[in-house]
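Architecture and fold: a report
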Amino acid sequence: MNYSYLYQTLKAQFSSGVATHSPDGSSLLFSFEQFQSHTCDRSSFHRTSSTFDIEQLDSNPNNDFSYPVIHPNGNDKADGCIILLHGLNERSWEKYLPWAYTLANYTKKPVVLFPIAYHMNRSPMDWKDPRVMNPFVKQRVMNTPQVKDLSIANVALSERLTNKPERFLLSGYQAANDLIELTQLIKAGHHSLFKKGTRVDLFSYSIGSFLAQVVMLAHGEDYFKDSRIFNFCGGSAFADIDGKSKYIMDSLAFDRLHEFYENEINQASNSNSSVKDILNQTALGEAFVSMLSLENFKKRGAQYFSSFKDRISSVVLKKDMVFKPDHVKQVLVGTSIEEWNFDFNYSHVMPFPLLSNKLVNQVNEAFDRLMIKAALLFTN
């Protein structure tokens, strides 16, 4: 099917909030499931003068939210599940609807689009409202004229991470625990769409791959002992991620984040009990530290992921400037990893551009090739 047509059709159906039949007539439906996070630590977010500080957690959608599922129509519960993990600073599922739909269609398994903490519908609507964000862009430029890659799209994340870089760890820890909790619910048969004993697989993209790697390092031998992991445009250590982008974060936030996690994290753990407890007393915290740099990861074992080599497959893109292929290969050594290049203009943020010219067929073929490869992993 034409990728652009699939995108536009699914976008229209999804925005209506109605569970409707899929574009090609196959029996796939949308549904929206509720989730309550149990990992929120309010003491981690001290009030500051920043508009973007989490000052009213009771009205913030981060802890009680819905997540969409694309699944086969019918009354029978499924015995397979794919959870799709998205990229950093994402506020809409639109880009991922064709991905989830095609995976569900090819595998005949429900695909869960699960939001990372403070992303998608777990973040305030104002963070993606240009009229609300524009004054803060102007103020940030006034305060730091040297800032680069600042935009309406990334000012909320940039401001929050600049002010409190430990939020990257704290929100990631919440997201990881939410993912584990959802996995346990599904496996235990406590989810309305799945049978007891359902296998939970992960399709991870960008920072979602980083999250998947942390989870696998911490719990690859228990909660996710039978899971398949498909990485797309992700997989390198934190220090090698170049997140400067008008769609992700500005240069000021990027520099502050890397300075903090490369040089200040140990000191910060002494002054912030939440950070200290996570890093020193949890398997997720230890895994996070292992993924901060290639040097740290090698201390854990350079061949660690190769122990899951039959369950991990990755595709990186030659022109990806955020997760560079060589850096990903250094972490995922010993696993199946392919470097691709496309015959059209693509980027990390938009690997499958919406085109209306003669390159449409190339986009369609590239997208289908990726989905077939992922589906083969998930159906084994």
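Reading guide: rules and limits
- Residues numbered from 1 in each chain as written.
- Predicted model: local features only at pLDDT ≥ 70, side-chain atom pairs only at ≥ 80, totals over all residues.
- Heavy atoms only, no water.
- Phe/Tyr/Trp six-rings, centres within 6.5 Å; stacked < 30°, edge-to-face > 60°.
- Helix = DSSP H or I, 4+ residues; strand = E, 2+ residues; numbered from the N terminus.
- Buried < 20%, exposed > 50% of the residue type's maximum accessible area, 1.4 Å probe, protein only.
- Pairing = 2+ DSSP bridges.
- Right-handed = clockwise from strand over helix to strand, strands pointing away.
- Polar contact = N/O pair within 3.5 Å; in protein donor to acceptor, adjacent residues only side chain to side chain.

Things to note about the packing of aromatic side chains
- One pass over the full model with this rule turns up 36 aromatic pairs.
- A centroid spacing of 5.5 Å and a plane angle of 70 degrees characterise the contact between tyrosine 67 and phenylalanine 114, whose relative ring orientation is edge-to-face. One end of the pair, tyrosine 67, is in strand β2 (residues 64–72); the other, phenylalanine 114, is in the loop between β4 (111–113) and α3 (130–143), with 47 residues separating them in the sequence.
- On the accessibility criterion, tyrosine 67 (1% relative accessible area) is buried.
- Plain terms: the ring middles of tryptophan 340 and phenylalanine 342 are 6.5 Å apart, the flat faces sit at 65 degrees to each other, and that makes the pair edge-to-face.
- Judged by its relative accessible area of 5%, tryptophan 340 is buried.

As for the pairing of strand β6 (residues 229–232)
- Of the two faces of β6, the one lined by Ile229 and Asn231 and the one lined by Phe230 and Phe232 are each fully buried.
- Here four bridges tie strand β5 (residues 194–205) to β6, and the two strands are oriented parallel to one another. Residue tyrosine 205 lies in a different strand from β6, and its bridge partner there is phenylalanine 232.
- Relative to strand β7 (residues 312–317), β6 runs parallel, the two being bridged by four bridges. If you follow phenylalanine 230 over to β7, its bridge partner there is serine 313.

What to know about the pairing of β5
- Of all the 12 residues making up β5, nine are buried; the element is thus mostly covered by neighbouring parts of the structure.
- Between the parallel elements β5 and β6, the chain passes through helix α6 (residues 207–219) in a crossover that is right-handed.

Thoughts on the side chain of asparagine 272
- One can find asparagine 272 in the loop between α7 (251–271) and α8 (273–281).
- There is a polar contact of 2.9 Å between the side chain of asparagine 272 and the backbone nitrogen of serine 274.

Description of unusual backbone geometry
- Of note in this structure, asparagine 89 is not a glycine but carries a positive phi near 65 degrees.
- Examined against the element boundaries, asparagine 89 turns out to sit in the loop between β3 (78–85) and α2 (97–107).
- You will see that cysteine 233, though not glycine, has its phi angle at about 55 degrees, which is positive.
- Within the secondary structure layout, cysteine 233 lies in the loop between β6 and α7.
- Classification of cysteine 233 as buried rests on a relative accessible area of 0%.

In short, shape yes, function no, at least from these values alone.
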